[in-house]
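# Survey of secondary and tertiary structure
The residues making up each chain are set out below.
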Amino acid sequence: MRFVKYFKSKKKIIDSIAFPFSRQRRGKRCIDPFAIKEGNAKFDRLKSGYRLDWTEEVFSKTGSGKETLGTSFDLKKLPKISLIFAFFLLVILTRVAWLQVIKGDYYYELAEGNRIRIERIEAKRGVIYDRNNQPLVRNAANFLLYFVPADLPPYTKVSGGKPSLTKTTGSKLSKTVKEDGNLIIERVSEILGNDITSNEIKEKLSKVEPYSLESYQPLFIADNIEHNKAMLLYLESDYMPGIVLSNRTRREYFTPRPLLSTIKGMDAGEVEVSSLSHILGYTGKISKDELTEYGSEYLLIDYIGKMGIEYFWENELKGMAGKKQVEVDVLGKEKKIINQELAQDGHNLILSIDIELQKKLEQTLNSSMEKLRLAKAAAIITDPNNGEILAMVSLPAYNNNAFARGISIQEYQELINNPDNPLFNRCISGEYPSGSIIKPVIAAAALEQGVISEHTSFNSIGGIKIGQWFFPDWRAGGHGIIDVRQAIAESVNTFFYYIGGGYQDFKGLGVDRIVKYGKLFGLNAQLGVDLAGEASGFLPAKKWKEETKGEHWYIGDTYHLSIGQGDLLVTPLQAAAYTGVFANGGTLHRPHLVKQILTGDDKVFRNIEPVVIRSHFINSYNIEIVRQGMRKTVTSGSAQSLQAIPVAVAGKTGTAQWSTKKSPHAWFTGFAPYNKPEIVITILIEQGGEGSKTAVPIAGEILKWYFNQSE
């Protein structure tokens, strides 16, 4: 019984502590069933057996003077506490709504990116052939390394000394490397050697925002990796999350047949013709600016045409990439292919270039330049009947394979600091005073405007004098009585002074009409060749001189323009184009290099039809008169050495003054056979002196080879 009473008394104490509120809310005193006095032994025993410090203790006196133990709670605090809880709950719900609703798609893609990836399948870049289907380029294997930053383990932003690396493979390597981004970066840098340092890798990685969609995109690290290094990376990449070794392609440029003597160190079937570099151009890794320009069709690890045909015909050559949906493991490594869409290979191109003629032209030009101890020249051979470019050489040239494989800084500096500028395509971008090769155009304009007829003659006595100024002929004492045909053949300046600017009572064309006909023949504008970087040349005019130089236009300016001197500038391509007008009887064609587009399996996709810029702008009879004058240049004029060619040749020589201290530029432009022209050939030798002595022999050797080959 004593035990039961003791237990009940303890229970009442606990109940009074645990449930004080009901009686407090009714304003009643909280009185324990038994009074507890201080110093009471029973109270002391209870205190030692139970802890009452987890609630507020309240002692109050009863009406009889007894003290009681109870608790109190201020209910007025409940609304404030409720507001605090409600505020934090609202913050949590708002954050959940932001993550699940507003950013739900974004984080869903990130989550899916950890499991399912979309990878591109590279399309094979189109091959380029010459007109006889000889390949001029091939796709070679290229090992390329890139990181997927989202898969890379954590690493320190700044390298603080090299971590210890393991040389082992298998499970040991997986334990030491796959959980440490620093070890991965250092190991990759160690394998690549001097190609890239760990800090350079980290610098690239630092530009990618963590946990962004960009972090799942490939980040280029290195390409053109040596085979042994690539194999080592391949073997160890299984234990390096975020590391991907890809086997892509790069371009190798070559010609299929050797020159007369093979070049040391190269296979006979793959002799390089450096002059093709200006035509074919090269490919290189896409830049960020180019990526912005071309859009989502490319990635930062892609290669793109940078110069030449590779650049101009990029859309046709690149093809269309495929894609595959793959499932990856926790390391980001491919486990299985879920779905794939095959790539479409790029189109192949057939050029108008005849590679054998190209090699011969380069060889002849190089040999002549060595004898002359000169370095800079340009030569173009075209088909006057459709504008096709059969050969085009600009010297000095460069090796486009150096760019395709990844040119070093030292090599690039040597190229851009070379005073002869080998990267410059003089055929389409070089602008030069034309010298006397402009005279057929001036003669055609004078005939068309009725300034002269085929029978008009002037007496050349060595030049003409205007006031205190004397405008000389190239032959002291002059050429005597001459007509338009002889004036073209012997390049008589006096005759063109007359018909260009007039003299005494004779009224010439004047500057305005010279400019008008110059434009009709394709000067002062781009012709539209399918290469980037074409220059427009320049035709000076009265207004231009007044606005630019602040000077009036004088009769001497017109005289200089009439013989191709002064401020007149033409490109070798323009000279070849207007020579073609006289060759074909009056049609100006757009010059072009691509004649046919093929599918990836070499079936005809599209033919490139010749484009006529303008025709019938000069009377055919007047064209024939000029043609006869150009023929006389070979039979009795300044290019008589060309009579040795097995077919009839017509042409015009030129010697263009451009400096008072340096030799003039040497020109020749002509066509053959005379009665049924097949080719136009234009030669420019910078600082070559007289065209008849330096440019004509080069043209002669090419023409002789060409027509002997044709027999």
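Keep in mind that this is a model prediction, so the values were computed, not measured. (Residues numbered from 1 in each chain as written. Predicted model: local features only at pLDDT ≥ 70, side-chain atom pairs only at ≥ 80, totals over all residues. Heavy atoms only, no water.)

### A closer look at the nonpolar core
In terms of nonpolar packing, the biggest core is built from 99 residues, with Ile309, Phe495 and Phe582 touching the most fellow members. With 8 residues, helix H24 (residues 572-584) is the largest single contributor of residues to this core. Leave out the neighbours within four places in its chain, and Phe495 touches Ile452, Thr456, Phe458, Ile482, Asp483, Val484 and Ala487. Formed by 31 residues, the second largest nonpolar core is a distinct cluster that contains Ala377, Leu390, Leu642 and Phe668. (Core = buried A, V, L, I, M, F, W, Y, C linked by side-chain atoms within 4.5 Å. Buried < 20%, exposed > 50% of the residue type's maximum accessible area, 1.4 Å probe, protein only. Helix = DSSP H or I, 4+ residues; strand = E, 2+ residues; numbered from the N terminus. Contact = heavy atoms within 4.5 Å.)

### Some words on the confidence of the model for the chain
When pLDDT is averaged along the chain, the result is 83; 81% of the residues meet or exceed 70. Under a pLDDT of 50 for its full length, residues 46-60 has, in the predicted model, 25 contacts with residues more than four places off or in other chains. Below a pLDDT of 50 lies the segment residues 159-175, which in the model reaches 25 contacts outside its immediate sequence neighbourhood of four places, other chains included. (pLDDT = per-residue confidence, 0-100.)

### Points about the sheet that holds strand S5 (residues 137-147)
Within a sheet, neighbouring strands are paired by backbone hydrogen bonds and run either parallel or antiparallel to one another. Spatially, the 3 strands line up as an open sheet ordered S6-S5-S7, and their pairing is antiparallel. Among the strands making up the open sheet, the edge pair consists of strand S6 (219-222) and strand S7 (243-253). The sheet shows a mean angle of 50° between the axes of neighbouring strands, taken without regard to direction. Where S5 meets S7, 11 bridges bridge the pair, whose relative direction is antiparallel. Looking at S7, one finds that Ala140 is bridged to Arg250. (Pairing = 2+ DSSP bridges. Axes fitted to C-alpha atoms, helices over the stretch in contact; angles between N-to-C directions.)

### Some words on the packing of aromatic side chains
The relative placement of two aromatic rings is captured by the distance of their centres and the angle of their planes. This model, assessed by the stated rule, comprises 22 aromatic pairs. With centroids separated by 5.5 Å and ring planes inclined at 65°, the aromatic side chains of Tyr294 and Tyr298 adopt a geometry described as edge-to-face. Given a relative accessible area of 25%, Tyr294 falls into the partly exposed group. Owing to a relative accessible area of 7%, Tyr298 belongs among the buried residues under this scheme. With a centroid separation of 5.1 Å and an interplanar angle of 85°, the aromatic rings of Phe521 and Phe617 are classed as edge-to-face. Taken together, the residues span a long stretch of sequence, with Phe521 in the loop between helix H21 (510-520) and helix H22 (542-548) and Phe617 in the loop between strand S22 (612-615) and helix H25 (620-635) at a distance of 96 residues. Just as Phe521 is buried, Phe617 falls in that class too. Taken together, the ring pairs in this structure connect Phe458, Phe495, Phe496, Tyr498, Tyr503 and Phe506 into an aromatic cluster. (Phe/Tyr/Trp six-rings, centres within 6.5 Å; stacked < 30°, edge-to-face > 60°.)

### Regarding the packing of helix H7 (residues 181-192) against helix H8 (residues 198-206)
Where H7 contacts H8, the axes come no closer than 8 Å and their chain directions differ by 125°. Judged on the interaxial angle alone, H8 and H7 are oblique. Relative to H8, H7 is oriented so that their crossing is right-handed. Seen from H7, the contacting residues are Asn182, Ile185, Glu186, Val188 and Ser189; seen from H8, they are Ser198, Ile201, Lys202 and Leu205. (Parallel < 35°, antiparallel > 145°, perpendicular 65-115°, else oblique. Left-handed = near helix turned anticlockwise from the far one by under 90°.)

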